[in-house]
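Spelled out, the chains give:
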Amino acid sequence: MTTDGPFPGIWKPNQSSTVALFEQLRLHVIRLADSGALPPGTKLPAVRTLAGLLDVAPHTVARAYKELEAAGVVATKGRNGTVVCARDEREDALSLAANSYASVAKAQGATFAEAVKLLAAAYDAD
């Protein structure tokens, strides 16, 4: 998948999709980062700038960036902007979250199957 120039290129979210606009953007950034089209260190546009380019509300971009940061895909550096993280940084963040979840699940007496079921439900939740 190419962006046809600087991010976001010609890509736009599908306004008529049942998938939320922030989720479309989040998934698009993940696909680009995973494919190498957005290499680690790539600076993403500011929230308001990207919102204008995509013709969406700034809150849409802010939420996508927030969720991408929580997943370790990007890092927000305050006034220095939002940048794509290296894959190992992302995996480290996910591993840390997984370890934390596993510890809590074990402490609550959940079985592995119960923990996976709850994680799957949370992953699929809107």
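Residues numbered from 1 in each chain as written. Predicted model: local features only at pLDDT ≥ 70, side-chain atom pairs only at ≥ 80, totals over all residues. Heavy atoms only, no water.

## Description of the environment of A62
Here is step 1 of the chain: Structurally, the position occupied by A62 is in helix 3 (residues 58-70).
Here is step 2 of the chain: Looking at A62, the relative accessible area reads 33%, which means it is partly exposed.
Here is step 3 of the chain: Put simply, A62 and A46 are 16 residues apart on the chain and 9.2 Å apart in space, counted from C-alpha to C-alpha. (Helix = DSSP H or I, 4+ residues; strand = E, 2+ residues; numbered from the N terminus. Buried < 20%, exposed > 50% of the residue type's maximum accessible area, 1.4 Å probe, protein only.)

## Here's the deal with the side chain of T82
Here is step 1 of the chain: Inspection of the secondary structure assignment puts T82 in strand 3 (residues 82-84).
Here is step 2 of the chain: Side-chain polar atoms of T82 contact the side chain of T76, separated by 3.4 Å.
Here is step 3 of the chain: T82 has contacts with T42, K43, L44, Y65, V74, A75 and T76, leaving out every residue within four places of it along the chain. (Polar contact = N/O pair within 3.5 Å; in protein donor to acceptor, adjacent residues only side chain to side chain. Contact = heavy atoms within 4.5 Å.)

## A word on the domain arrangement of the protein
Here is step 1 of the chain: Along its sequence, the protein is carved into domain 1 (21-84) and domain 2 (89-124).
Here is step 2 of the chain: Measuring from the centre of the C-alpha atoms in domain 1 to the corresponding centre in domain 2 gives 25 Å. (Domains from an automatic or database assignment.)

## Looking at the packing of aromatic side chains
Here is step 1 of the chain: Considering all chains together, one arrives at zero aromatic pairs under this definition.
Here is step 2 of the chain: The ring of F22 is capped by R63, whose NZ or CZ atom sits 3.8 Å from the centre of that ring. (Phe/Tyr/Trp six-rings, centres within 6.5 Å; stacked < 30°, edge-to-face > 60°. Lys NZ or Arg CZ within 6 Å of the ring centre and 35° of its normal.)

## Observations concerning the nonpolar core
Here is step 1 of the chain: Counting residues in hydrophobic clusters, the biggest one holds 21 residues, and the most contacted among them are F7, L25 and V29.
Here is step 2 of the chain: Contributing elements (two or more residues each) for this core: helix 1 (21-35), helix 2 (47-54) and helix 3.
Here is step 3 of the chain: The leading source of residues in this core is helix 1, at six residues. (Core = buried A, V, L, I, M, F, W, Y, C linked by side-chain atoms within 4.5 Å.)

## Some points on the sheet that holds strand 1 (residues 43-44)
Hydrogen bonds along the backbone pair up the strands of a sheet, which may run parallel or antiparallel.
Here is step 1 of the chain: Ordered by their spatial adjacency, three strands build an open sheet running 1-3-2, and the pairing between neighbours is antiparallel. With one partner strand each, in any of the chains shown, strand 1 and strand 2 (74-76) form the two edges of the open sheet.
Here is step 2 of the chain: As judged from the three bridges shared by strand 2 and strand 3, these two strands associate in the antiparallel manner. Note that in strand 3 the partner of V74 across the bridge is V84.
Here is step 3 of the chain: Lying over the sheet, helix 3 contacts strand 1, strand 2 and strand 3, oriented at roughly 110 degrees with respect to strand 2. (Pairing = 2+ DSSP bridges. Axes fitted to C-alpha atoms, helices over the stretch in contact; angles between N-to-C directions.)

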